[in-house]
Amino acid sequence: MAQARETDYLVIGAGAAGMAFTDAVLDHSDAHVTLVDRRDDVGGHWRDAYPFVRLHQASPFYGVASTPFGGAIQTSGPEAGLRERATGAEVCAYYERVRRERFEPSGRFTFLGGHDVSDDGRVVALGSGAERDVRVRRRVVDARYLSPRIPALEPPPFEVSDGVTCVPVGELPSVVSAESFVVVGSGKTATDAIVWLLGRGVSADAICWVRPRDPWMLNRAVVQPDPAIFLGMAASMMEAGAAAASVDEFFLRLEDDGVMLRLDRGVTPTMARVPTLARWELELLRTVENVVRLGHVRRVSPGLVSLDRGDVRVGAGAVVVHCAAQGLRQRPAVPIWSAGRMVLQPVRAGFPCFGAALVGYVEATRPAWSDAELNAVCRSTPLFSTPSEWVGIQAAGALATAAYMAEPDVAAWSHSTPLNPTRVTAADRERDEVVAAIARFKAVSEAGVRGMVRLGRA
């Protein structure tokens, strides 16, 4: 028999977005939240990620607004001087601690792990099939609309013939002794896999990198929770937007400013999902010279990789490393608020935890507002894949930022949380380098946004 309960918000998905939204609603209202996830505990796809994964951004940009995540400056190693980046295990432990120490003591929180929500709104236990009739007083919140697709849970998007060892990236530790590897993928997962292999003593000559598209990546040194650094990077972006005559020129200007990185200076990238990368990683990746640019893989056979534009011979026993899952999905931007429902999406491009927390704060503090008024303050911005899309979405994100920062309380809240990459505290405003970065940004931001809008439409 179905078990009935009541809640104000039924949040579907306990990953980064669902956790950040839940935290903000619990902190800024008296609402009850029921959080549902297919997994047994919170953390979303991090619970299935490859064992050597790390955040690609600084830890303070991740997590929930009420509970800062890390923040120490590294004092040794190749990233000395940069903020720490948590491991996947640390991310999961952090979210479990937030659930246990922040959400549950509120007395207004229920977690239903190992459950799913059907299309008609029924909450079902995956193990027993038992149904729960959850009566939602305010809204159902979809926190899975942009859930990433990862190799651990997605089969490779190509045919694998008998006799080929093909493993998702998470199984690399079990095959690290192989003589050669074929790494399939252009994004952050592929770069992580190659850096890990090289760090374990695998020769660069033993790696074949199938890279359907070359990517632009952000220099991790300029994406730091310090307004002098981050606003300096943002000012470079605005200056490039104001001056560039083409999208390629825009990115080349940012490369000259030390903001953007590319793997091969002889190849103009056509991919711009733009994760962050450190220069030490870049130098390692450049040691792999066997790079295949013949499109997407269609089939792998013993000793042979068949692609869109030809075949490539590889070692007969080469291990094929699947890093080709979709990752962050591109789906159409839809209104965040609609009747009885919310769909969590980025508001400021590139920082999903801040966006979800911002949406939660606005929802919690404006119960009388209409959906139209709420959507006007928090404008959803879609994800991106190509350089022109990235430029256009950065412009949209700047306009969205102006909309929510026009609300005094939202602006004050935004400057209170490390999740906000443009956070400026009272102490920061006394620093000369921050004052200079703000002035530089303001001087060109209007022209920069206009230019990025133009480039994004080209």
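Before reading on, note that the structure itself is shown above.
All of these numbers come straight from a predicted model, not from anything done at the bench.

Student: What am I meant to see in the sheet that holds strand 9 (residues 181-184) here?
Tutor: Sheet strands pair via backbone hydrogen bonds, and the direction of the pair is either parallel or antiparallel. The strand order across the open sheet built from 5 strands is 8-18-9-10-14, with neighbouring strands paired in parallel fashion. Looking along the sheet, the strands with just one partner apiece sit at the ends: strand 8 (166-168) and strand 14 (291-292). Taken together, the 2 bridges between strand 10 (residues 207-210) and strand 14 define a ladder with parallel strand orientation. Looking across to strand 14, one finds that Val210 is bridged to Val292. Along the sheet, helix 3 (residues 188-199) makes contact with strand 9 and strand 10, crossing strand 10 at roughly 175°.

Student: Looking at this model, I keep getting lost on the environment of His415. Mind explaining?
Tutor: Along the polypeptide, His415 turns up in the loop between helix 10 (408-414) and helix 11 (432-457). In the structure, His415 is positioned 10 residues away from Met405 in sequence and 9.8 Å away in space, judged by C-alpha atoms. Look past the residues within four positions of His415 in its chain and what remains in contact with it is Met405, Asn420, Thr422, Arg423, Val424, Thr425 and Arg429. Within the structure, the side chain of His415 is placed 3.0 Å from the backbone nitrogen of Val424, a separation counted as a polar contact.

Student: Would you mind showing me how to read the sheet that holds strand 16 (residues 304-307) here?
Tutor: Strand order in this open sheet of 4 strands is 7-15-16-17, and the pairing throughout is mixed. Where the open sheet ends on each side, the last strands, each with one partner, are strand 7 (159-160) and strand 17 (310-313). Pairing analysis gives 2 bridges linking strand 7 to strand 15 (residues 297-301), with the strands arranged parallel. Residue pairing for strand 15: Val160 is matched across the bridge by Val300.

Student: Hey, could you run me through the pattern of salt bridges in this one?
Tutor: Should their charged atoms come close, side chains of opposite charge can pair. The tally for this structure, following the rule as stated, stands at 38 salt bridges. Ionic pairing is found between Asp116 and Arg144, a salt bridge with its closest N-O pair at 3.0 Å. Of this pair, Asp116 sits in strand 4 (residues 115-117) while Arg144 sits in the loop between strand 6 (131-142) and strand 7; the two residues are 28 residues apart in sequence, bridging distant segments of the chain. On the basis of relative accessibility, which here comes to 17%, the residue Asp116 falls in the buried class. Since its relative accessible area comes to 29%, Arg144 is described here as partly exposed. For Glu281, the salt bridge goes to Arg220, with nearest N and O atoms at 3.0 Å. Separated by 61 residues along the polypeptide, Glu281 in helix 6 (residues 279-285) and Arg220 in the loop between strand 11 (216-219) and helix 4 (227-243) bring together distant segments of the chain. The residues Glu281 and Arg220 share a single accessibility class, namely buried.

Student: Just to check I follow, could you spell out the nonpolar core for this structure?
Tutor: The nonpolar side chains of a soluble globular protein tend to be buried with one another. Residues Tyr95, Leu172, Phe250 and Trp390 are the most contacted members of the largest nonpolar core, which totals 112 residues. Ranked by residue count, the leading element in this core is helix 7 (residues 352-365), at 8 residues. Those residues in contact with Trp390, other than ones at most four positions away along the chain, are Met237, Phe250, Phe251, Met260, Ala272, Val274 and Phe384. Membership of the second largest hydrophobic core comes to 15 residues, among which are Val164, Val297, Val300 and Val312.

Student: Explain the packing of helix 4 against helix 11 to me, please; I cannot follow it from the model alone.
Tutor: Two quantities define a packed helix pair, namely the angle between the axes and the distance from one axis to the other. Running from N to C, helix 4 and helix 11 point in directions that differ by 35°, and their axes come no closer than 6 Å. Crossing handedness for the pair helix 4 and helix 11: left-handed. Counted by class, the contact of helix 4 with helix 11 contains 17 nonpolar, 6 polar and 4 charged residues.

Student: What is the right way to look at the packing of helix 1 (residues 16-28) against helix 7 in this model?
Tutor: Axis separation between helix 1 and helix 7 bottoms out at 7 Å; the angle between their running directions is 30°. Considering the angle they form, helix 1 stands roughly parallel to helix 7. Here helix 1 runs over helix 7; the crossing is right-handed. Seen from helix 1, the contacting residues are Ala16, Ala17, Ala20, Phe21, Ala24, Val25 and His28; seen from helix 7, they are Cys353, Ala356, Ala357, Val359, Gly360, Tyr361, Glu363, Ala364 and Thr365.

Student: Sorry, what's going on with helix 1 here?
Tutor: Helical periodicity: at 3.6 residues per turn, an α-helix aligns residues three or four positions apart in one direction. For helix 1, which comprises 13 residues, the first-to-last C-alpha distance of 19 Å matches the rise-based estimate of 18 Å (1.5 Å per residue) to within 8%. Within helix 1, 10 of the 13 residues are buried, leaving the element largely enclosed by the surrounding structure.

Rules used in this analysis
Residues numbered from 1 in each chain as written. Predicted model: local features only at pLDDT ≥ 70, side-chain atom pairs only at ≥ 80, totals over all residues. Heavy atoms only, no water. Pairing = 2+ DSSP bridges. Helix = DSSP H or I, 4+ residues; strand = E, 2+ residues; numbered from the N terminus. Contact = heavy atoms within 4.5 Å. Axes fitted to C-alpha atoms, helices over the stretch in contact; angles between N-to-C directions. Polar contact = N/O pair within 3.5 Å; in protein donor to acceptor, adjacent residues only side chain to side chain. Salt bridge = Lys/Arg side-chain N within 4 Å of Asp/Glu carboxyl O. Buried < 20%, exposed > 50% of the residue type's maximum accessible area, 1.4 Å probe, protein only. Core = buried A, V, L, I, M, F, W, Y, C linked by side-chain atoms within 4.5 Å. Left-handed = near helix turned anticlockwise from the far one by under 90°. Nonpolar A, V, L, I, M, F, W, Y, C, P; charged D, E, K, R; others polar. Parallel < 35°, antiparallel > 145°, perpendicular 65-115°, else oblique. Expected span 1.5 Å × (residues − 1).

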